[in-house]
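Reading the structure
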Amino acid sequence: MKRTRGKKGRILGRVMDQHALLQVQELIGKQPKTRDMLIEHLHKIQDKYHHISNRHILALAKEMNLPMAEVYETATFYHHFDVTKEDEIPPPAITVRVCESLSCEMFGAKKLIEELGSDIDKKHIRIQPVPCVGRCAAAPVAVVGTNPIEKADKASVISAIEKKELSDSLPSDYIDYNSYKDKGGYKTLTDCINGKYQSEEIIKLLEDSNLRGLGGAGFPTGRKWRILSEQKVPRMIAINIDEGEPGTFKDRYYLETDPHRFIEGTLIAHWAIQAEDIYIYLRDEYAGCRLMLEKELAELQNNPPCKLPKIHLRRGAGAYICGEESAMIESIEGKRGMPRLRPPYLAQVGLFGHPTLEQNMESMHWIRDIIENGADWFSSNGRRDRKGLRSFSVSGRVKKPGVHVAPAGISMRELIDEYCEGMLEGHEFYGYFPGGASGGILPASLGDEPLDFDTLQKHGCFIGSAAIVVLSDKDSAKQMALNSMRFFEDESCGQCTPCRVGTAKAVKLMEKEEWDKSLLEELSTAMIDASICGLGQAAPNPLRCAIKYFPKEFK
Amino acid sequence: MAANPKLMNEKAVSFKLNGQDVEAYGDETILQAAKRNDVEIPHLCYKEGYRPDGNCRACMVEIDGERVLAPSCCRQPTEGMSVSSDNERAQHSQKMVLELLLSDMPQQGKSPYKLNSELDYWAEKFDIYNPRFEHRGEQPQPDLSHPAIAVNLDACIQCTRCVRACREEQVNDVIGFAFRGKHAEIVFDMAEPMGESTCVACGECVQACPTGALMPAKNVGLIEPDKVVDSVCPYCGVGCLLSFNVKNNHIQYVEGRDGPANKSRLCVKGRYGFDYIHHPDRLTKPLIRREGVEKTAALVDPLEMHKYFREASWEEALDFAAEGLNQIKGKQGSQALAGLGCAKGSNEEAYLVQKLVRTGFGTNNVDHCTRLCHASSVAALLETIGSGAVSNQVSDGSFAEVIIVIGSRPNDNHPVAATFMKNATERGSKLIVIEPYGSDMALHASHFMQLRPGTDVLLLNAMMNVIIEENLQNDKFIEEHTDGFEAIVENVKDYSPEKVAPICGIPPETIKEVARLYATAETAIIFWGMGISQHVHGTDNARCLIALALMTGQIGRTSTGLHPLRGQNNVQGTSDVGLIPMVYPDYQPVTDENVRKKFESLWGTTLDPNVGKTVVEMMHAIYDKDINGLYIMGENPAMSDPNLNHAREALSRLDHLVVQDIFFTETCGYADVILPASAFPEKDGTFTNTDRRVQLGRQAITPPGDAKQDLWIIQQIANRMGLDWHYEQAKDVFQEIRLALPSMAGITWERLEEENSVTYPLRNVGDPGEPIIFKDGVFPTDDGRGRFVPAEYIEPAELPDDDYPVVFITGRQLEHWHTGTMTRHSRVLDAIEPGPCIIINPEDLTSYGLKSGDILVVESRRGVIAATTRADEGMQKGVVMMPFSFNEAAGNLITNDALDPVGKIPEFKFCAVKLRKGNRANDQISRKKIKVDE
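Residues numbered from 1 in each chain as written. Chains lettered and ligands numbered in written order. Predicted model: local features only at pLDDT ≥ 70, side-chain atom pairs only at ≥ 80, totals over all residues. Heavy atoms only, no water.

What follows concerns the overall build of chain A. For chain A, the count of helices and strands is 25 helices and 15 strands. Taking 2.2 N^0.38 as the reference for a compact globule, 555 residues should give roughly 24 Å; the C-alpha atoms of chain A span a radius of gyration of 24 Å, in line with that estimate. C-alpha extents for chain A along the principal axes are approximately 75 × 65 × 50 Å. Within chain A, buried positions represent 64% of all 555 residues. A separation threshold of at least 6 residues defines the contact pool for chain A, and within that pool the share at least 24 residues apart is 70%. Element-wise, carbon and sulfur atoms account for 50% of the exposed surface of chain A, whose accessible area totals about 20400 Å². Distance from the positive charge centre (74 side chains) to the negative charge centre (79 side chains) of chain A: 5 Å. (Helix = DSSP H or I, 4+ residues; strand = E, 2+ residues; numbered from the N terminus. Rg over C-alpha atoms; globule rule 2.2 N^0.38 Å. Buried < 20%, exposed > 50% of the residue type's maximum accessible area, 1.4 Å probe, protein only. Contact = heavy atoms within 4.5 Å. Areas by Shrake-Rupley, 256 points an atom, 1.4 Å probe, with all protein chains shown as cover. Lys, Arg positive; Asp, Glu negative; His and termini not counted. Charge placed at Lys NZ, Arg CZ, Asp CG, Glu CD.)

So, about the overall build of chain B. From N to C terminus, chain B includes 32 helices and 37 strands. Relative to the compact-globule value of 30 Å for 934 residues, chain B shows a C-alpha radius of gyration of 29 Å, a close match. Overall size of chain B, expressed as C-alpha extent along the three principal axes, is 90 × 70 × 65 Å. Looking at the 934 residues of chain B, the share that counts as buried comes to 67%.

Before going further, it helps to examine the nonpolar core. Within the largest apolar cluster, 312 residues are counted, with the highest numbers of intra-cluster contacts made by W225, F262, I280, L293 and F392 of chain A together with L214 and L356 of chain B. Considering each element in turn, this core owes the most residues, 8 residues, to helix α14 (residues 259-273) of chain A. Ignoring any residue separated from it by four or fewer positions in sequence, one finds L293 of chain A in contact with I241, L255, F262, I263, I280, L282 and L313 of chain A. Listed in part, the 55 residues of the second largest apolar core include V457, A515, A547 and F788 of chain B. (Core = buried A, V, L, I, M, F, W, Y, C linked by side-chain atoms within 4.5 Å.)

This part takes up the sheet that holds strand β5 (residues 82-84) of chain B. Residues and elements named next belong to chain B. The strand order across the open sheet built from 5 strands is β2-β1-β5-β3-β4, with neighbouring strands paired in mixed fashion. Both edges of this open sheet fall to β2 (20-25) and β4 (70-71), since each of them pairs with a single strand only. With 2 bridges joining them, strand β3 (residues 60-63) and β5 adopt antiparallel strand pairing. Directly across from E62, in β5, lies its bridge partner S84. Seen against the sheet, helix α3 (residues 88-103) touches β3 and β5 and runs at an angle of roughly 160° to β3. (Pairing = 2+ DSSP bridges. Axes fitted to C-alpha atoms, helices over the stretch in contact; angles between N-to-C directions.)

Here we come to the environment of E553 of chain A. Residue and element names in this part refer to chain A. Tracing the backbone through its elements, the reader meets E553 in the segment after α25 (541-549). Along the primary structure E553 and A477 are separated by 76 residues, whereas in three dimensions their C-alpha atoms are 7.8 Å apart. Discounting chain neighbours no more than four positions away, the residues touching E553 are Y430, D475, S476, A477 and K478. Polar side-chain contacts of E553 include one of 2.8 Å to the backbone nitrogen of A477. (Polar contact = N/O pair within 3.5 Å; in protein donor to acceptor, adjacent residues only side chain to side chain.)

We now examine the interface of chain A and chain B. Between chain A and chain B, the residue contacts involve 68 residues of the former and 72 residues of the latter. Across the chain A to chain B interface the summed buried area is about 5600 Å²; carbon plus sulfur atoms make up 50%. Scanning the region where chain A abuts chain B turns up 14 salt bridges. The residue E491 of chain A makes a salt bridge to R180 of chain B at a minimum N-O spacing of 2.6 Å. (Buried area = accessible area lost by both parts, 1.4 Å probe. Salt bridge = Lys/Arg side-chain N within 4 Å of Asp/Glu carboxyl O.)

Glancing now at the pairing of strand β15 (residues 467-472) of chain A. All names here are of chain A. Burial analysis of β15 places 6 of its 6 residues in the buried class, which makes it a mostly covered element. On β15, burial covers both faces: A467, V469 and L471 on one face and I468, V470 and S472 on the other are all buried. In the sheet, strand β11 (residues 389-396) pairs with β15 via 4 bridges, with the strands oriented parallel. From the neighbouring strand, S393 faces β15, where its bridge partner is A467.

Once that is clear, we can look at the environment of N360 of chain A. All names here are of chain A. Take N360: it is sitting in strand β10 (residues 356-360). Put simply, N360 and L214 are 146 residues apart on the chain and 6.0 Å apart in space, counted from C-alpha to C-alpha. Ignoring anything within four residues of it in the chain, the contact list for N360 reads L214, G215, N240, K250 and D251. In terms of polar contacts, N360 uses its side chain to reach the side chain of D251, at 3.0 Å.

The predicted model of chain B averages 96 in pLDDT, with 98% of residues at 70 or higher. For this predicted complex, the interface confidence score (ipTM) comes to 0.97, while the overall pTM stands at 0.96. (pLDDT = per-residue confidence, 0-100.)

To continue, consider empty space enclosed by the protein. As enumerated under the stated definition, the model contains 12 cavities of 30 Å³ or more in all. Put simply, the second largest cavity is a space of about 260 Å³. Taken together, 22 residues form the lining of the second largest cavity, with R3 of chain A together with R409, D412, Y437 and I839 of chain B sitting closest to its centre. Contributing elements (two or more residues each) for the lining of the second largest cavity: α13 (410-413), β33 (837-840) and β36 (879-883) of chain B. (1 Å grid on protein atoms, 1.4 Å probe; cavity = no way out; pocket = protein on both sides within 12 Å on 5 of 7 lines; lining within 4 Å. Points joined across faces, edges and corners; volume = space filled by probe spheres on them.)

Attention now moves to the packing of helix α15 (residues 456-469) of chain B against helix α17 (residues 485-492) of chain B. Residues and elements named next belong to chain B. Orientation of α15 relative to α17, taken along the N-to-C sense of each, is 105°, at an axis distance of 9 Å. Judged by the angle between their axes, α15 and α17 are roughly perpendicular. The segment α15 lies against α17, with N461, M464, N465 and I468 engaging F485, I488, V489, N491 and V492. When its residues are assigned to classes, the contact of α15 with α17 shows 6 nonpolar, 3 polar and no charged. (Parallel < 35°, antiparallel > 145°, perpendicular 65-115°, else oblique. Nonpolar A, V, L, I, M, F, W, Y, C, P; charged D, E, K, R; others polar.)

Another aspect to go through is the pairing of strand β8 (residues 278-282) of chain A. Residue and element names in this part refer to chain A. In terms of residue burial, β8 counts as a mostly covered element, since 5 of its 5 residues are buried. Residues of β8 alternate between two faces, with I278, I280 and L282 on one and Y279 and Y281 on the opposite face, all of them buried. Sheet topology places strand β7 (residues 236-241) next to β8; 5 bridges connect them, and they run parallel. What sits directly across from N240, in β8, is Y281. Bridging between β8 and strand β9 (residues 311-315) involves 5 bridges; their strand directions are parallel. Bridging from a neighbouring strand, I280 pairs with L313 of β9.

What follows is about the packing of aromatic side chains. Residue and element names in this part refer to chain B. With the rule as written, the count across this model stands at 32 aromatic pairs over all chains. Between the aromatic rings of Y121 and W122, the centroid separation amounts to 4.8 Å while the plane-to-plane angle is 85°, which identifies the pairing as edge-to-face. With centroids separated by 4.7 Å and ring planes inclined at 40°, the aromatic side chains of F680 and F687 adopt a geometry described as tilted. Take F680 and F687: they sit in the same class, and that class is buried. (Phe/Tyr/Trp six-rings, centres within 6.5 Å; stacked < 30°, edge-to-face > 60°.)

The structure is reproduced here in structure tokens:
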């Protein structure tokens, strides 16, 4: 450690708080103290003490031989860490997070926050409005501790607090390791390893299947594997389960039902591109899934179907931006989740500087099925010349929200009618977010457009992670655009000017009764053109759509 | 940006920029290529020399075929690429970024903290005056907690240049970029006020800030300087180039210049410690001791100096000074006179001082603080490899695969050199730190060997033992380039790691590991400091280091060699020009008749054929009344010598003492006449840094009052002692130095003026200079071979015992320079470290019933002092350390004047003391201070 200067430093000298140091040492135990473990260790402190004091930051910095500024900046970047000053009163032990993103706002999140805020013992409990927690089909959602309360109201939240139901539990009904294996799971993986397939063959198969990255960018999976297999070794794999786009919950759905399918897919990727370690980055909001993955990965490793690589499960800490591929890599390295400038691309310089295959969890979910059923099986699905299946996370004003696996190219109207049992009683289809908050807003008049990658660009939108939020005549596109922009303002990492300042200025302009449309348009253009990553580039989509497609709301 | 000739050899990439064909060289970015072609693209987060971060997005350009714009500061062009920086789309984003940033500036306008800030420049360029966005509202409060730096984050644009400055350039790791999104904020450590953080005030962040959010305190950033004078830093041996910004004959602020040794970096002393020159305590009139005022060993309080001294005219004072010297020379003879020069002076001043003593006084009794510094290192180097200078420069050495830093805390004492070593560790070099105290340098080390004080020879012999045991020595190099290896083999047999480990306090495995690392590295360098040299076995310590390098062949190549880090800014130069009793300029022995004849003919006089007395020997001779007259230019032996009670008593016994200085130093109290001299920025001169770089210091201001330039004063005395000198300016003296020093003969003044910094050896005009010496294992010894000199372990002169059970070490600290003459008169440095402190292990402290900050009394067989304690877990038990800069608790009252038999350097780094609890009222002496009007 270094010495604090000024009078305080002159008097106190350079002496570590031994008590804090012991506490931190105890928490870290025998785990590695490498930089990439920083966020994991911060979690341990936060979990145990419900906040992270400066004393603990200093102790952790000493223990990990890191500058305290680096520990501090990392800790304060993530919203799930409560960093407190020496004399500051720590936050209450119980935190109730109430989602205020799109669907939850539509279903009364504001009212819930107000009610809870006025009724709750603020000394022991705090209410935090938070962005999407990935349960939009059951809006509004509150999370007590880590325990998610779906379709929450004041009573259900208070009841959970009173019953001390503060932790999420294992998903109730999922296919565990043994059942998965019993039903032929990991056979395809062992076939690969035992030489039944060549990696070239599998990569070709994926290319033919037209499987694309399902995290949002839609990069062809087969091509990505091919690029990686040509990079220098060592190569790394990073699986993105930082599902945070408002309206998206498909990854959680697959995790809670059939988790080994994506693990097998990942291990096949590992074999195909001859990678080293696998890192799985799971958003912190999915606490139950974390329990489950810890358990299942342990089972897998205890009784492996073949020789396994090192699989590291890493825990996010409340930062939407970490779903951005390069920000996630930074976060896995134990740093602030600030996206990297590209080039170089992650496939060239990724995790720890090594070429990295970064994939959305759902993309890996389909690997086994595509190998077993053939490329045509996947690509034969689709409407309007589109190919493949899409897992739509549908929420909003429909009768049956949830994850609907439907053909690529299906239209919004078809999706509502065929999969969602129509609109809610008394609601008329008005518009929809085709790809979460960042995908923009389309009006009902464009409800027959094919939903897929590349089809909505001409309308200033994109499908992204296929998170559909359906608006009705009871909703306001203008209001939803503002909700989105506030979300981006909160979740901007703060690195680049167009996004950090741009989102804040946009919110100010959009909070006004009259929008200065030309200035907003000028601002939007610069944000789209000049932001470092997709967050800032996509942030203006909803506002531009609101102006373009819902002119009536501006009269 | 001027065309960089280095780049021109690199492969060129042709691309189109705004329709014009342009070439980029090497790894140039679009922005760099544009700059070189005079195409202006706005940019804020980009700073030349720093890693481009691409976060501000002001430099966006459109690249044909790309979906979004690209940051030109980060993007390298590819062949045939078509780039537009001035079309509507690119300019729209550039302007919008500037408008967004400007909208959150105070009053949405020009920086209120800095003239012509970079943001203001671009805003003006694009005519953005009235941003259309609302201000963000909430504003961070000013943080004025630091005496040197004002933090006004309301002007911060989050460009993170300061973060890169702190983390990647200087590697001080204080500034962070915390929180997120619109709350993202620059913080110091854990969001402390800057003045209470671990900030070392290097000011790199201030120099990096494009808006004035970080500025020198007291709004000097708003002063338009009359002139900017390019010069050199007056403090340590690193030799940073800097600029003085002057208004009304006052230096307002200092900025780092892109010098070969500092790459625009400075430390707190160089950047903020310049204001001592404007302190009201400066001597401005010659002073003569009042008649009948007796000399005693007690210090004279500067506030009472007029009780002891009266003002005199220059004429009277100079006559008086020379007359006293002449009388002694006449009565007692030349050997009753002596002169002390100073390693803070220029080469020209030092040259004239030694010439004055040798030709005017007629004796070789001339020395300076090198004796207290690297005398033993130089002795060992001359004896073994024939040259006392460093083999490789810091800039080159910091690219070594293995860097050993032993007996040195460069982060405190050579801060800018330390930054390059820290940069090396970031690049993957292994840094091995060997010292008794765990300083901040150890935080960056791959191996930290915290040895017990005084056990260096044991440890180093054990490393050699391992190398020989494991057959890791370089037999070819030993065979072809060295002599006497067998003696080493024989000698180190007794020093197995297992045997020395318990005495050194280092596990044998670590010793082995480090020995292997060093021996097998492709490139390896050893840096060392006073922890090696200031021992009775200082020469032995250095011999061991040299032997390590010779037996492994780790010398004479790029990034591979030996580098004793020079302390003073010109200790290399003052030694080079002969301010040493046993040698003339260029280390030519006074006892060599041919050499002597050469100098007799150069100087037109006969010279004393006998070796003169060294610093400590002089004090003994003065004490014994063998020396009666002493001329001191700039030195402060009443603070810097060991066993001060003895030294001060000696000084009081002089019949005639002439002191030439800028302040009323402790030594002045013993003077008969005091001559007010010039401070560094008040004169021209050349200074030779630790790297053998001869660098030009230029006059920025005139001396205060009647104070005179030293060159003039020395000549006035010389001419009153029968010499006939007519040097008009430093340049004239330098011409003569070239004649006296073959190794610098090729350096012309004009070249210095043009290049600022020139490396010697440089024998013939036009030579490039030799950054690396001993190339190909050829040493400047009689037979071209390096010599092994085995060293046996001897114990320090005064070991702890029952009466005096604790080891006492003196050292320095970042903010203060040596005896404090300069730094304790600097407002900023004095505010950061206002008084003496004793560094002690917290457990030891508790054992005396004390807590950090309490008073501790330190007593040795020679003296007693009291000071506040500072607990420090980096300090090992049973050892205390103290900076020697503070006269109210002068560490040298405690130290032992036992000498190294070869280097004649005293053992500052080890003596035995006892400690007891003190109290403020009875034990502590507080400093009296003149109130400084601010």
